[in-house]
Every structure is written in structure tokens, then in C-alpha cells.
Amino acid sequence: MLDASDLPDDIAALKDMLIAAQAREVRKDDRIERLEKLVAAFKQAAFGRKSEKADPDQFDLALEDLEAAIAAIHAEDEADSHSGKRHPKPRAANRGSLPAHLPRIEEIIEPESLVCACGGGLHCIGEDVSERLDVIPAQFRVIVTRRPKYACRACTDGVAQAPAPARLVQAGLPTEATVAHVLVSKYADHLPLYRQAQIMSRQGIELDRSTLADWAGRAAFELRPVFDALIADLKRSTKLFMDETRAPVLDPGSRKTKTGYFWALARDDRPWSGGAPPGVAFSYAPGRGGHHAERILQGFTGILQVDGYAGYNRLIAPDRAGPDIRLAYCWAHARRKLVEITRTGSSPIAEDGVKRIGELYRIETELRGLAAEARVAGRQARSATLIADMRIWLTHHRTRVAGKSPLGEALAYIAKYWDGLCIFLTDGRIEIDNNSVERTIRPIALNRKNALFAGHDTGAANWAIIASLIETCKLNAIDPMPYLSATLTKVIDGHKQSRIDELLPWNSSLSCRKSFQ
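Small disclaimer: the values here were computed from a predicted structure and weren't measured.

Q: Go over the overall build of the protein, please, and point to the residues and values.
A: Secondary structure summary: the protein contains 15 helices and seven strands in total. Taking all 517 residues of the protein together, the buried fraction comes to 37%. For the protein, the proportion of contacts with a sequence separation of at least 24, taken over those separated by at least 6, is 66%. Surface accessibility of the protein: about 31600 Å² in total, with carbon and sulfur atoms responsible for 54%.

Here you go:
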């Protein structure tokens, strides 16, 4: 806000100030209009008709562009606001603090003179400290290994030389850290190998995509025992999640892709304060039949939490031989079917069902993190009554709604899996939904978007091995890059098979741990 004393006495100068102010107002109106259009585009992408929505896997990418555009408009507005000021006051921003483990490079900016206008010396009475995030671009380097040869001048007993160290790629270029970087870039950051080759070429390193693929394949082979140990450890649990997702695979000879599947087996005991570390293992199978799930779960006994896919019924068939498995089902899937109906028009019954399930979720939010016994007690005291009322509600409305209608089918789904949906009331280890494992397979979907398909069944199996270790690292707040580098080094140095459990991510060195997102 200008004070009267800031206004010039000259009429021409006043006119110039007025014209500049009017121009700023026009630009501000234009920016407001652009922001409104951006917000409208965002709403359309998020809430528009199904045919007009952004693909869920690509929605975050569109949101990034939208946020960047809004930030540019804000910057333009700030530039106008500070027009004519040499040192505008910075706008306050709540950005949080930078991680303590990052190295700090301090710079001290002193005034031009420490002599006061009166001639006395200035003394420090405090300081303002700010931190900014800086980056040193990824830089490749060359490790030169020299092995001197020694011989005795007094005899001819031969030459002494240290043995060559073991390498993942014998007589090859990469260190284990380089291979780990390639794996993390591909399977954690979803950067296909040909793009990595392009990035390396900008530093003068000419490597063919097939060379990087060879490194990844060799790494997958060496990591297979660790992957097997991961699956074995998960199957020793008594409560797991399972889900499956598509894995398009190139079908040699037909120039087309066939549909394989990644089956995710996950453990997450954190919601009930269980002692076992979280983990996930992906197993590739050429199909979606229930016999694949049965094969993967061989030796497991306990509770398996799944969605309503019929293939899992094989696990509880009366004539099935093997350890006992009980299926717990997912309220999120039941809710999802009702929500889809509410989006197509007014449906009081579906809306009431969504509200009832929402009440169960509110209780679960308050119970999350408590011991299993406390969760059961809370559910019996608060959720059991709601479930009993919902059973009456479900029976009543199924007699009034056409069975072939979308609502009728949604209610029939809930009724079909009712016992498995309600089992969470009697066991505090069971979650209300299957979301824990669904979150672990999202990176698979992102990688599928970028890579389009795996080149071969074996390639898909390798993908599963590496993705399992990387996603388990993330679940345990471990940086996968130093973990994979250290693990590959230990494996090729001859780590004993009898101690392979020591190489599982949660048993890795604490130096690998940090807040990893």
C-alpha cells in the first residue's frame, strides 16, 4: 500500500504510475482467468465423466504439470507485486526441514564493511540461517584395480600376485554399485534401459541397451537365493495378503503380447504392532488360475486376505490337500461397487451402504496401531453392532432389488463374501481391507506403463525378483541402491547359503536405512 508521501509531485510521473497500475490489474485479471481454467481442467480430470477422466496411472503426471503451471502464474504475480523494488521480501513458505543426514556446505555472507557510519566497529548480534537443497549431478567414475606381480631375484619359485576379486560381470565394465544403480533406475524409478543408455551417452559412455539388460539378468540370477529366502520368510507368517496384476509378455514368433500375471504375497503387521518386518514378494505366472496361487502358497498355513477373485476359492476347496488356509475378504472392494452406483445417479440404498461401511472405517482408523487383542476388543464393542445391523439391512434390500441390476449385483457380492468380510471382528491381525497389498503392486503398474511389456517369461520372472527386493526395501525405509550394491557384493564374494537370511532387507546394515519414499 502506497503512502501519500511516496507519490511524486510531478503530474506526468503520476500518470505513468496510474497507467502501470492499470496494466498490472489487467495482467492480474488475466492470471485469475488462467488459474480458473487450470482448476476447471483439474476438476475435469479428477471428477469428470469416466470417458473424460485421466487414466489413474497417468493422473499424477497431469497433476504435476498443472501445479507447475499454477506456480508459474504465482511467480508472475509476485514479480508484478515487487515491480520496482530492488530486494523484494521473500514470500513465506512452509517447506519443512531438509534431512539431517545430508551433508552441509556452509557459506557465510558478510556485510561489505564492518565499520559503523560513526566510525565504531560492528559486532555480531545474531544471524539469519536458511537452507536450500543443492544437487551434484550423477557422475560416473572409473575404478582402476592394480595387482602388482612380485618375483624373487634369488630363486625361480614363481610369481606372487593377489587373486583377482570376484565380480558380478567377469572381465566386464560395471561395479556392483553401477549394476545396482541400473536396477533401481529401472524397477524403482521406472526408467527403461534404453533411456538409461541415452543418459549415459551424454557423459560419453556408449553402452548398448542389451549390455544393460545383460547386467540386470546376471544380477537377477545372483539375487534369486535372497528372493527365495524372502518368500520362505513370508510364508512362515500366519497372516498374509495376496493379490495379482497383469504382466504383458512378448510372445516370440507372433509379434504380439500374451497376458501373464504377477502374484504379490505381502506381509504388513504394523497396523496391529506385530513384530515381523513388512515385505512383499512377486511371483510371475503365465496365467491367473487359482492353481498358481496354490503353488506359490505351498507350505503356508493361516489367514490369507484377498479380494473377491474366484480363483482363490481353490485354496479353501473341501477336497484340497495341504495346510489349512482361511480367507479374509476386503471391504474396500465391497464399498467400491456401491460407490460406482452412486456415481451414475441417485441411489439412496447404495449411498446408505457407503455410509455404513464408512462408519466401520472410522473405527478402524482409531484402532490402527493397537495390539491385536485391543483391536478385537474395540471391534466387538463398536463394530459388531454395526455389522449386525448391516446384515439385516442387506437381507431386507436384497428382496426389494432386482438381482440382475447393478445394485442387486453389488449387494449379492457382499452377501456372497459375508463370512469372510466379517472375520476381522474376531482376529485383530486382520485388516478391514486388502489395500496393503494393492499399494505394493502400484509400482508394477507404473513400470508396465513405461516398459509396456516384458520381453520373455524369464524376463518377467527376473522383473519379479528385483521388484520384490526393491519394494521390500521401501516398506522397511531402506534405500535400495546401497542395499542391492552391498548384497550383490556379498553374494559374489561367496556368502554362505546357510546364512542367506542375513541378506534380507530388514537384516541389512543400518547405514542403508533412511526415510525412503
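Q: Hey, could you go over the environment of Tyr-312 for me, with residue numbers and the actual values?
A: Structurally, Tyr-312 is set in the loop between β6 (302-305) and β7 (325-328). Sequence-distant contacts of Tyr-312, defined by excluding residues within four places in its chain, comprise Met-242, Asp-243, Glu-244, Trp-263, Ala-293, Val-306, Asp-307 and Leu-327.

Q: Please give an account of the side chain of His-190 that cites residues and values.
A: With respect to the secondary-structure elements, His-190 resides in the loop between α3 (176-187) and α4 (193-201). According to the relative accessible area criterion, His-190 is buried, its value standing at 13%. A polar side-chain atom of His-190 sits 3.3 Å from the main-chain carbonyl oxygen of Ala-188.

Q: Go over the environment of Cys-330, please, and point to the residues and values.
A: Looking at the element boundaries, Cys-330 is found in the loop between β7 and α7 (331-343). Sequence spacing of Cys-330 and Leu-421 is 91 residues, and the spatial spacing of their C-alpha atoms is 6.2 Å. Among residues more than four places away in sequence, those in contact with Cys-330 are Val-306, Asp-307, Leu-421, Ile-432, Asp-433 and Asn-434.

Q: Quick rundown of the packing of aromatic side chains? Include the residues and the values.
A: This model, assessed by the stated rule, comprises seven aromatic pairs. Measuring from ring centre to ring centre gives 5.1 Å for Phe-262 and Trp-463, while their planes differ by 70°; the resulting arrangement is edge-to-face. Residue Phe-262 is located in strand β4 (residues 256-267), and its partner Trp-463 is located in helix α14 (residues 457-475); the two are separated by 201 residues in the primary sequence. Residue Phe-262 is classed as buried on the basis of its relative accessible area, which comes to 0%. Judged by centre distance (6.0 Å) and plane angle (85°), the ring pair of Trp-263 and Tyr-312 falls under edge-to-face. Taken together, the positions of Trp-263 in strand β4 and Tyr-312 in the loop between β6 and β7 put the pair 49 residues apart, joining distant regions of the chain. With relative accessibility at 0%, the residue Trp-263 sits in the buried group. Assessed through its relative accessible area of 0%, Tyr-312 is described here as buried. Put simply, the rings of Phe-262, Tyr-284 and Trp-463 pair up and form one aromatic cluster. Above the face of the Trp-506 ring, Arg-267 is positioned so that its terminal group lies 5.3 Å from the ring centre.

Q: So what about unusual backbone geometry? Which residues, and what values?
A: Even without glycine at this site, Ser-273 takes up a positive phi of about 60°. For Ser-273, the position within the fold is in the loop between β4 and β5 (279-285). Classification of Ser-273 by relative accessible area gives partly exposed; the value is 47%. Positive phi, close to 55°, is recorded for Ala-477, a residue that is not glycine. Locating Ala-477 in the fold gives a position in the loop between α14 and α15 (480-492).

Q: Which residues make up the packing of α3 against helix α5 (residues 209-235), and what values go with them?
A: With their axes 10 Å apart at the nearest point, α3 and α5 run at an angle of 100° to one another. In this view, α3 runs roughly perpendicular relative to α5, as classed from their interaxial angle. Residues Thr-178, Val-179, Val-182 and Leu-183 of α3 form the contact with α5, whose own contacting residues are Leu-212, Trp-215, Ala-216, Ala-219 and Leu-223.

Q: Mind laying out the nonpolar core, listing which residues take part and the relevant values?
A: Within the largest apolar cluster, 106 residues are counted, with the highest numbers of intra-cluster contacts made by Leu-183, Met-242, Trp-263, Leu-304, Tyr-312, Trp-331 and Leu-484. The element that contributes the greatest number of residues to this core is α5, accounting for 12 residues. Other than its neighbours up to four places away in sequence, Leu-183 contacts Ala-188, Ala-216, Ala-219, Leu-223, Ile-466, Ile-470 and Leu-484.

Q: Residue-level account of the pattern of salt bridges, with values.
A: For the structure on display, the rule yields 18 salt bridges. Where Asp-214 meets Arg-218, a salt bridge forms, and the shortest distance between an N and an O atom there is 2.9 Å. A residue pair is termed a helical-turn pair when its members lie 3 or 4 positions apart in one helix, as Asp-214 and Arg-218 do in helix α5 at four residues. The class for Asp-214 is partly exposed, based on a relative accessible area of 33%.

Q: Describe in detail a nonpolar patch on the surface, supporting the description with residues and values.
A: Taken together, Ile-11, Leu-14 and Met-17 make up a surface patch of nonpolar side chains, about 240 Å² in accessible area. Mapped onto the elements, Leu-14 comes out in helix α1 (residues 11-47). With relative accessibility at 31%, the residue Leu-14 sits in the partly exposed group.

Q: An account of the side chain of Lys-239 is needed here, citing residue identities and associated values.
A: The residue Lys-239 is located in strand β3 (residues 239-251) in this model. In this structure Lys-239 is buried but unpaired, with Asp-269 as the nearest side chain of opposite charge at 6.4 Å. Separated by 3.3 Å, the side chains of Lys-239 and Gln-305 make a polar contact. In contact with Lys-239, other than residues within four places in its own chain, are Arg-267, Asp-269, Phe-300, Ile-303, Gln-305, Arg-429, Ile-430 and Glu-431.

Q: Explain helix α10 (residues 406-416) to me, using residue names and the numbers behind them.
A: Among the residues of α10, Leu-407, Gly-408, Ala-410, Leu-411, Tyr-413 and Ile-414 are the ones counted as buried. Along its buried surface, α10 packs onto α7, α8 (348-367), α9 (372-398) and α11 (418-422).

Q: So, α9: which residues are in play, and what are the values?
A: A turn of α-helix holds 3.6 residues, and therefore any two residues three or four places apart point the same way. Its 27 residues give α9 an end-to-end C-alpha distance of only 34 Å, which falls more than 12% under 39 Å, the value for a rise of 1.5 Å per residue. The principal kink in α9, of about 45°, is found at Ser-383. If you check which residues of α9 are buried, you get Ala-372, Arg-375, Gly-378, Arg-379, Ser-383, Ile-387, Met-390, Trp-393, Leu-394 and His-397. Looking at the buried positions of α9, the neighbouring elements they touch are α7, α8, α10 and α11.

Q: Please provide a residue-by-residue account of the confidence of the model for the protein, values included.
A: Scored by pLDDT, the protein has a mean of 83; 80% of the residues are at 70 or more. Element-level pLDDT for the protein is lowest in helix α2 (residues 56-81), with a mean of 60, against a maximum mean of 96 in α9.

Q: Explain the packing of α3 against α4 to me, using residue names and the numbers behind them.
A: Between α3 and α4, the shortest axis-to-axis distance is 10 Å and the interhelical angle comes to 125°. The angle between the axes of α3 and α4 places the two elements in the oblique class. Both α3 and α4 take part in a crossing whose hand is right-handed. Mapping the contact onto sequence places His-181, Val-182, Ser-185 and Lys-186 in α3 and Leu-193, Gln-196 and Met-200 in α4. Tallied by class, residues from the contact of α3 with α4 come to three nonpolar, three polar and one charged.

Quick notes on the rules
Residues numbered from 1 in each chain as written. Predicted model: local features only at pLDDT ≥ 70, side-chain atom pairs only at ≥ 80, totals over all residues. Heavy atoms only, no water. Helix = DSSP H or I, 4+ residues; strand = E, 2+ residues; numbered from the N terminus. Buried < 20%, exposed > 50% of the residue type's maximum accessible area, 1.4 Å probe, protein only. Contact = heavy atoms within 4.5 Å. Areas by Shrake-Rupley, 256 points an atom, 1.4 Å probe, with all protein chains shown as cover. Polar contact = N/O pair within 3.5 Å; in protein donor to acceptor, adjacent residues only side chain to side chain. Phe/Tyr/Trp six-rings, centres within 6.5 Å; stacked < 30°, edge-to-face > 60°. Lys NZ or Arg CZ within 6 Å of the ring centre and 35° of its normal. Axes fitted to C-alpha atoms, helices over the stretch in contact; angles between N-to-C directions. Parallel < 35°, antiparallel > 145°, perpendicular 65-115°, else oblique. Core = buried A, V, L, I, M, F, W, Y, C linked by side-chain atoms within 4.5 Å. Salt bridge = Lys/Arg side-chain N within 4 Å of Asp/Glu carboxyl O. Patch = residues over 30% accessible without salt bridge, like charges linked within 9 Å, V, L, I, M, F, W, Y side chains within 5 Å. Lys, Arg positive; Asp, Glu negative; His and termini not counted. Expected span 1.5 Å × (residues − 1). Bend = angle between axes of the 7 residues up to and from the residue. pLDDT = per-residue confidence, 0-100. Left-handed = near helix turned anticlockwise from the far one by under 90°. Nonpolar A, V, L, I, M, F, W, Y, C, P; charged D, E, K, R; others polar.

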